[in-house]
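Residues per chain are reported as follows:
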Amino acid sequence: MTATEDTGTVRFDGKVYVVTGAARGLGAAYARLLASRGASVVMNDLGASMEGSGRDLSAIRAAVDEVTAAGGIAVANGADITSADGPDSIVAAALENFGRLDGVINNAGIITTQDFAALTPEEIQQQLNVHLFGSLAVTRAAWSALTESKGSVVFTTSAGMLGSSFTIAYNIAKASVYGLVRSLATVAEPLGVRVNAVMPGAETRMQGTAVDGRSGTGDAQALLSADNAAPMAAWLVHPDCRVNGQMFTSGRGHVARVIMATGSGYSNRDMSLEGIAGNFDLVSDVSNPTIETTLEDYRTRNFSRWGE
Ligand SMILES: NC(=O)c1ccc[n+]([C@@H]2O[C@H](COP(=O)([O-])OP(=O)(O)OC[C@H]3O[C@@H](n4cnc5c(N)ncnc54)[C@H](O)[C@@H]3O)[C@@H](O)[C@H]2O)c1
């Protein structure tokens, strides 16, 4: 630990959150942490396989029982976030049980592996349905309640969006989620709502491990646990957190902001093939990058380059 000690003073008393995919893994860890700090939580999960098939509500019931047995406040919701009425039912569970909604952690996810040669549009669509359209639908259903509470949303990306050869459909969907976060944050800003993303890492079912490791022992297992990755997502939905439109890695004892940046580049009013070919080291140089913020800032910088 560095900087600030963990004294358990960051609280969520009186606040209400939705966590999707909360039956196990990261979602269950987010719900446990929020509830342990005073929040009331709607824990959603339809109990699908890792690839997205089947339905088993016993897992979400058990996860909720664990939270309530520890003295926390939580209710179960077994909706499929990709169904027509699922997102509304999740938000209704928050409003009917707790009377308000302060944040949504869009965590539910599935994963499939495939070779690029065998990748089908249907496989990409299946991933988009859960990660992009599902989380978007839950967020839309929650939007008016979040606007009222000046609440926040966390979406879940993956380091897979940086590129890997074996979970391509999943990676595409996760990259699209980042696109959604960037634009939705600009819509949210004037409303006092915040929209951010986590890029988590933990040994869960999705990482091919049977364990759903818990923290508390200080050993290697705890370092890899979902509990270790939970504080970042929880902080992003805390009322004192002010960031908007950003993404943070979280897991294995480390958190950090992920940025989109542009190198200093090569300028030439009369851009030519030869200019690019002959200066490709400058074109590629990222030693002095500019961190991108909004489309507006990007355009202003580019349009003012030649002082016109
Ligand atoms: N574990 C990691 O290292 C890692 C890395 C990067 C990103 N992620 C992302 O974090 C999130 C959680 O991952 P995890 O490792 O805890 O996975 P997990 O498989 O343990 O849990 C995911 C949960 O989402 C639920 N779910 C799936 N589809 C749903 C739907 N349509 N409606 C409602 N619930 C649904 C599943 O039933 C499951 O309980 C996912 O979005 C995943 O892509 C995880």
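I will try to describe carefully the structure that is included in this document.

## A closer look at the sheet that holds strand β4 (residues 103–105)
Here we have eight strands laid out as an open sheet, ordered β3-β2-β1-β4-β5-β6-β7-β8, and mixed in their pairing. Bordering the open sheet on either side are β3 (73–77) and β8 (254–258), each of which pairs with just one other strand. Recorded for the sheet is a direction-independent mean angle of 20 degrees between the axes of neighbouring strands. With five bridges connecting them, strand β2 (residues 40–44) and β3 associate as parallel partners. Bridged to Met43 within β3 is Ala76. Sheet strands touched by helix α5 (residues 168–188): β5 (152–156), β6 (194–200) and β7 (247–251). Its angle to β6, the strand with the most contacts, is close to 155 degrees. Contacting β4, β5, β6, β7 and β8, helix α7 (residues 226–236) runs over the sheet at an angle of about 150 degrees to β7.

## Some thoughts on the pairing of β2
When a strand is regular, its side chains alternate between the sheet's two faces. Among the five residues of β2, five are classified as buried, and the element is accordingly described as predominantly covered. Burial along β2 is two-sided: the face carrying Ser40, Val42 and Asn44 and the face carrying Val41 and Met43 are both buried. With five bridges connecting them, strand β1 (residues 16–20) and β2 associate as parallel partners. From the neighbouring strand, Val18 faces β2, where its bridge partner is Val42. Taking the sense of rotation as the criterion, the β-α-β connection linking β1, helix α1 (residues 25–36) and β2 turns out right-handed. Crossover handedness for the path β2 to helix α2 (residues 58–69) to β3: right-handed.

## Overview of the pattern of salt bridges
One pass over the full model with this rule turns up five salt bridges. Put simply, Asp227 and Arg32 hold a salt bridge, and the shortest N to O gap is 3.0 Å. Note that Asp227 is positioned in helix α7 and Arg32 in helix α1, a separation of 195 residues in sequence. Arg32 matches Asp227 in its accessibility class, with the two residues each being buried.

## Quick word on the packing of helix α3 (residues 86–98) against helix α4 (residues 121–149)
In a pair of packed helices, the angle between the axes and the distance between the axes together describe the arrangement. Between α3 and α4, the shortest axis-to-axis distance is 8 Å and the interhelical angle comes to 35 degrees. The two elements α3 and α4 meet at a crossing, and its hand is right-handed. From α3, Pro87, Asp88, Ile90, Val91 and Leu95 reach across to α4, where they touch Ala137, Val138, Ala141, Ala142 and Ala145. Here the contact of α3 with α4 is composed, by residue class, of nine nonpolar, no polar and one charged.

What counts, and where the lines are drawn
Residues numbered from 1 in each chain as written. Predicted model: local features only at pLDDT ≥ 70, side-chain atom pairs only at ≥ 80, totals over all residues. Heavy atoms only, no water. Pairing = 2+ DSSP bridges. Helix = DSSP H or I, 4+ residues; strand = E, 2+ residues; numbered from the N terminus. Axes fitted to C-alpha atoms, helices over the stretch in contact; angles between N-to-C directions. Contact = heavy atoms within 4.5 Å. Buried < 20%, exposed > 50% of the residue type's maximum accessible area, 1.4 Å probe, protein only. Right-handed = clockwise from strand over helix to strand, strands pointing away. Salt bridge = Lys/Arg side-chain N within 4 Å of Asp/Glu carboxyl O. Left-handed = near helix turned anticlockwise from the far one by under 90°. Nonpolar A, V, L, I, M, F, W, Y, C, P; charged D, E, K, R; others polar.

Keep in mind these values describe shape, not function.
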